[in-house]
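Residue-level listing of the chains:
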Amino acid sequence: MSNTNFSAFIAVMENSASPKVQKWVWRNIYNLLSRFWRDRDWRFMNYGYVAAGDAFPLKPEDEPERAFIGLYQQAVAGLPVEGARVLEVGSGRGGGSRYIARYHGPASVTGLDYSPATVRLARRLNVDTTTVAFETGDAEAMPFGDATFDIVVNIESSHCYGDVAAFAREVGRVTKPGGWFTFADMRGRNSIAELDAQLAASGMELVESRDITSNVVAALDAAESRKRERIGRSWLMRRFMSEFSGSQGSVFYKGLTDGQVVYVARRYRKAS
């Protein structure tokens with residue numbers, strides 16, 4: 001898939017007149033990626049986050065994923081995760097849920113994803129972490145009871161949804177009183193106000209709002225050589241993966257660096 005075709009494809013998906021078509025396409029993209037990219041070399045499929053200052057501690061075996069783990073670290077840093085019931089919506093290959101479970105001491109972590117193939121892969125890749133469970137389900141109609149979770153995490157997933165406001169309402173429903181919702185994702189610069197209006201449908205109080213674009217670009221740069229080496233072994237999907245992964249020179253990377261795409265982080269709290 002050429003750069004031009006990929007860019008046009010993303011534009012169609014973001015502006016689709018049919019949310020059902022949009023969700024179906026993204027679901028099948030992730031099903032396909034889960035079949036072609038199955039090894040433990042990549043437990044994460046996010047663009048990452050690198051902060052200035054001191055690095056947070058990681059075990060040696062997790063160091064190769066530092067840039068990608070950083071997006072989760074910034075999402076939960078300072079939140080009362082220890083002993084909490086945590087839900088990650090859009091859990092993908094499960095690396096983020098695994099990180100939270102192994103480093104932050106929650107009572108449990110549930111990962112929810114719309115792609116059945118990705119859920120099966122997440123279960124296999126993270127079988128060593130007993131406090132994590134993965135389920136198939138729709139972010140806009142979650143299969144959980146009211147007030148089930150203390151913390152809801154949503155990282156780089158909402159751009160795949162057909163109805164972000166419906167997702168936000170579900171977050172508000174499944175979060176316990178006094179609980180937290182931590183969010184990070186990218187949008188076109190002119191769509192940020194619309195995104196914030198959609199997330200406000202959760203009925204929760206906005207506590208923190210940040211632009212983390214520069215941190216995401218730093219992560220993309222930090223992971224570039226490793227990413228290129230891995231993509232080079234996937235000749236069948238090489239061009240598509242270069243675009244999809246945000247490699248230097250890709251449409252997405254250019255959008256971030258020229259200001260047309262903005263990556264934001266938000267935190268909300270439900271009233272007690």
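As shown above, the structure is provided for reference.
What you see is a predicted model; the values in this text were computed from it and never measured.

### Comments concerning the overall build of the protein chain
Logical step 1: Of regular secondary structure, the protein chain possesses 10 helices and seven strands.
Logical step 2: Looking at the protein chain as a whole, 56% of its 272 residues are labelled buried.
Logical step 3: Taking as baseline every contact in the protein chain between residues at least 6 positions apart, the subset at least 24 positions apart corresponds to 76%.
Logical step 4: Put simply, the protein chain shows about 11,900 Å² of open surface, and 53% of that area lies on carbon and sulfur atoms.

### Digging into the sheet that holds strand 7 (residues 261-269)
Logical step 1: Pairing in this open sheet of seven strands is mixed, and the strands run 3-2-1-4-5-7-6 from one edge to the other. Each having just a single partner strand, strand 3 (132-136) and strand 6 (205-211) make up the two edges of the open sheet. Each adjacent strand pair in this sheet contributes to an overall mean axis angle of 15°, direction not counted.
Logical step 2: Of the pairings in the sheet, the one linking strand 5 (residues 175-188) to strand 7 comprises nine bridges and is antiparallel in character.

### As for the pairing of strand 5
Logical step 1: Among the 14 residues that make up strand 5, 11 are buried, leaving the element largely enclosed by the rest of the structure.
Logical step 2: Where strand 4 (residues 149-155) and strand 5 come together, six bridges link them in parallel fashion. Within strand 5, the position partnered with Asn154 by the bridge is Phe183.
Logical step 3: Handedness of the crossover is the feature at issue here: the chain leaves strand 4, passes through helix 6 (residues 164-174), returns alongside strand 5, and the resulting connection is right-handed.

### Some remarks on helix 6
Logical step 1: A large share of helix 6 lies buried, amounting to nine of its 11 residues.
Logical step 2: Among all positions in helix 6, only Val164, Ala165, Ala166, Phe167, Ala168, Glu170, Val171, Gly172 and Val174 are buried.
Logical step 3: At its buried positions, helix 6 is contacted by strand 1 (85-89), strand 4, strand 5 and helix 7 (192-199).
Logical step 4: Between the side-chain oxygen of the N-cap and the backbone nitrogen of Ala165 there are 3.3 Å, and the N-cap of helix 6 in question is Asp163.

Rules of the game
- Residues numbered from 1 in each chain as written.
- Predicted model: local features only at pLDDT ≥ 70, side-chain atom pairs only at ≥ 80, totals over all residues.
- Heavy atoms only, no water.
- Helix = DSSP H or I, 4+ residues; strand = E, 2+ residues; numbered from the N terminus.
- Buried < 20%, exposed > 50% of the residue type's maximum accessible area, 1.4 Å probe, protein only.
- Contact = heavy atoms within 4.5 Å.
- Areas by Shrake-Rupley, 256 points an atom, 1.4 Å probe, with all protein chains shown as cover.
- Pairing = 2+ DSSP bridges.
- Axes fitted to C-alpha atoms, helices over the stretch in contact; angles between N-to-C directions.
- Right-handed = clockwise from strand over helix to strand, strands pointing away.
- Polar contact = N/O pair within 3.5 Å; in protein donor to acceptor, adjacent residues only side chain to side chain.

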